[in-house]
Amino acid sequence: MSARRNRIQAKLKDNLMLLILAMLLLVFGIMSPNFLTIKNLMNICTQNAYLLVTAIGAGLVMISGGLDLSSGQCLSVVGVCVAAFLQWAHFPIWMALLLGLLIGVALGFINGMAANLMQVHSMIATLATMTMFKGISYTISGSKSFFNFTQSYMDIGQGYIGMISVPVVIAAVVAILIHLVLEMTCFGRFLYAVGGNQEAARLSGVKIRRVKLQAFVMAGALYAVAAVILTARGGTANSAIGAGTEFDAITACVLGGISFNGGEGRIKGIVTGCLILGVLSNGLQLAGLGIYIQYIIKGIIMMLSIGYDTYSKRKRTRKIPFSGKA
C-alpha cells in the first residue's frame with residue numbers, strides 16, 4: 001500500500017506543472033470567452049516560440065550545473081548582426097542566417113571559456129559577458145533600429161505551414177532534437193553526470209570542462225535561432241530586443257523541473273514551463289491587467305520556484321540518522 005502511494009505521489013509530482021497549466025487554461029477560459037479559441041492558443045504558442053528555444057539553451061547550461069545570465073544580450077547581438085548583414089552588407093538570407101548562427105556559437109564559446117578559465121560559477125562569468133555583449137550590440141547598431149526586412153525573412157517569424165506558424169514548427173523541431181540529444185547520446189549522459197555530481201563524473205573519466213563548454217556552445221547556437229525568430233516576427237531589430245529574456249528563460253526552466261543545482265530536468269518540462277508563462281501573460285492581458293502586474297507575478301513565480309527547488313533538493317539529501325545499536 002505504501003509503495004503504491006509513493007508511486008502515485010511521484011506521478012503527481014512529475015505532472016504537477018501540467019496540472020497547473022490545465023488549471024490556468026480553465027480559469028482564464030472562464031474569465032474570457034476569447035481565451036480558449038484556436039486562434040488565441042496558437043498566438044500564445046507563436047509568441048513564446050523564441051522563448052522556448054532560448055529556455056532550452058539556458059536549460060542545457062543549468063543541467064550541467066551552471067547558469068547563463070547573458071542569453072538576452074546574446075539575442076540582441078545576433079539580432080542586430082543578422083539585420084546588418086541583410087541591410088548594410090546586402091548578404092543573401094542564407095548567408096546572413098549562417099553567419100548569425102556562427103556568431104551565436106562564438107558567444108557561447110566565450111561564455112564557456114570565461115567560466116572555465118576564471119574557475120568561478122558561470123553565473124558570475126556570464127554576468128560579466130552580459131555587460132560585454134550589451135556593449136557590442138549597441139556598438140554595432142549605433143542605437144539604431146533596423147526595419148523593412150524582405151518578405152522571405154519575415155516569413156520565418158510570420159509565415160505558416162498549413163495551420164501551424166513557422167516559429168512553432170522551428171521550436172518543436174529544436175525541442176525534439178535536443179530531447180533526443182539528451183536522452184540518446186553520450187553527451188547527454190555526460191551532461192547529467194556533470195551537473196549531478198561533478199567529482200564523481202571526473203573520477204569516471206568525464207572531461208568536465210569540455211562538457212560544460214559544449215553546453216554553452218549549444219546554448220549559443222540556440223540563442224541565435226531564437227534571435228532570428230524574434231526579429232523576423234517583430235519585423236524589427238535593435239539592441240533592446242532580448243533584454244530580460246534571460247529571466248523568463250530561467251523561470252521557465254525552473255518551473256519545468258530544471259534544478260539550479262544541475263543534473264535534473266527534461267525538455268518536456270521546459271516546454272510546460274514556457275507554456276505556463278505564455279498562458280499567464282496572455283490571460284492577464286485579456287483580463288485587463290497591465291505589464292507591470294505581470295512583472296510582479298512572474299517575480300513571485302520565480303521566487304516560489306526557486307524555493308521549491310531548494311526545498312526538494314534538501315529533502316532528497318537529508319540524512320537518515322543511524323538508529324542501530326552499537
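Above this text is the structure in question.
Please read these numbers as outputs of a predicted model, since none were measured by experiment.

Caption draft 1: View of the overall build of the protein. A count of helical and extended segments in the protein gives 15 helices and two strands. Against the compact-globule benchmark of 20 Å for 326 residues, the protein has a radius of gyration of 21 Å, which places it among compact chains. With the principal axes as the frame, the protein shows a C-alpha extent of 80 × 55 × 35 Å. Every one of the 326 residues in the protein was classed for burial, and the buried ones make up 45%. If you take every contact in the protein between residues at least 6 apart in sequence, the share linking residues at least 24 apart comes to 77%. As displayed, the protein has an accessible area near 16900 Å², and 67% of this comes from carbon and sulfur atoms. Put simply, the protein has 25 plus and 9 minus side-chain charges, and the middle of one group is 8 Å from the middle of the other.

Caption draft 2: How the structure looks around the side chain of Thr251. Inspection of the secondary structure assignment puts Thr251 in helix H13 (residues 245–255). In contact with Thr251, not counting residues within four places along its chain, are Leu277, Ile301 and Met302.

Caption draft 3: Region of the structure containing the pattern of salt bridges. One pass over the full model with this rule turns up two salt bridges. As a salt-bridge pair, Arg266 and Glu183 come within 2.8 Å of each other at their nearest N and O atoms. One end of the pair, Arg266, is in the loop between H13 and helix H14 (267–286); the other, Glu183, is in helix H9 (residues 166–184), and 83 residues separate them in sequence. Using a relative accessible area of 36% as the deciding quantity, one classes Arg266 as partly exposed.

Caption draft 4: Broad picture of the packing of H9 against helix H12 (residues 208–234). Relative to each other, H9 and H12 sit at 170°, their axes nearing to 11 Å. Taken as axis vectors, H9 and H12 run roughly antiparallel relative to one another. Only Met218, Leu222, Val225 and Ile229 of H12 make contact with H9, whose side of the interface consists of Pro167, Ile170, Val174, Ile178 and Val181. Of the residues assigned to the contact of H9 with H12, the class counts are nine nonpolar, no polar and no charged.

Caption draft 5: Highlighting unusual backbone geometry. Notably, His90 is not glycine yet its phi reads approximately 55°, a positive angle. Among the secondary structure elements, His90 is positioned in the loop between helix H5 (71–87) and helix H6 (93–118). On the basis of relative accessible area, His90 is assigned to the exposed category, the value being 61%. For Asn148, which is not a glycine, the phi torsion comes out positive at approximately 55°. Along the polypeptide, Asn148 turns up in the loop between helix H7 (122–141) and helix H8 (151–158).

Caption draft 6: Seen up close, H12. For H12, which comprises 27 residues, the first-to-last C-alpha distance of 39 Å matches the rise-based estimate of 39 Å (1.5 Å per residue) to within 8%. Positive phi appears at Gly235, one or two residues downstream of H12, with a value of about 75°.

Caption draft 7: Just the packing of helix H4 (residues 49–63) against H13, in detail. At a closest axis distance of 8 Å, the pairing of H4 and H13 adopts a crossing angle of 70°. As far as their axial angle goes, H13 and H4 are roughly perpendicular. The two elements H4 and H13 cross, and the hand of that crossing is right-handed. Within the contact between the two elements, H4 uses Tyr50, Leu51, Thr54, Ala55, Ala58, Gly59 and Met62 and H13 uses Thr245, Asp248, Ala249, Ile250, Ala252, Cys253 and Val254.

Conventions and cut-offs
- Residue indices follow the written sequence of each chain, beginning from 1 at its first position.
- pLDDT decides what is reported in this predicted model: residues at 70 or higher carry local features, side-chain atom pairs at 80 or more are listed and counted, and totals for whole chains, interfaces and linings draw on all residues regardless.
- The basis for every side-chain value is the complete set of heavy atoms in the structure, and neither hydrogens nor water enter the calculation.
- Helix and strand labels come from DSSP, where a helix needs a run of H or I of at least four residues and a strand needs a run of E of at least two; each type is numbered from the N terminus.
- Every radius of gyration here is taken over C-alpha atoms, with the globule rule written as 2.2 Å times N^0.38, N being the number of residues.
- Three labels apply to residues, based on accessible area from a 1.4 Å probe with only protein chains included: buried if under 20% of the type maximum, exposed if over 50%, partly exposed otherwise in between.
- By definition in these notes, contact holds between two residues if any of their heavy atoms fall within 4.5 Å.
- Methods summary: accessible areas were calculated by the Shrake-Rupley approach with a probe of 1.4 Å, and residue burial reflects only the protein chains presented.
- Counting rule for charge: Lys and Arg are taken as positive, Asp and Glu as negative, and neither His nor the chain ends is counted.
- To locate a charge, take NZ of a lysine, CZ of an arginine, CG of an aspartate or CD of a glutamate.
- The term salt bridge refers to a pairing of a side-chain nitrogen on Lys or Arg with a carboxyl oxygen on Asp or Glu at a separation within 4 Å.
- Axis angles are defined between N-to-C directions and span 0 to 180 degrees, where every axis is a line fitted to C-alpha atoms and, for a helix, only to the segment in contact.
- Roughly parallel refers to an angle under 35 degrees, roughly antiparallel to one over 145, roughly perpendicular to one between 65 and 115, and oblique to any angle outside these ranges.
- When residues are sorted by character, Ala, Val, Leu, Ile, Met, Phe, Trp, Tyr, Cys and Pro go into the nonpolar class, Asp, Glu, Lys and Arg into the charged class, and all the rest, Gly among them, into the polar class.
- Multiplying one less than the number of residues by 1.5 Å gives the expected span of a helix.
- Each crossing gets its handedness from the near helix: less than a right angle anticlockwise from the far helix is left-handed, clockwise is right-handed.

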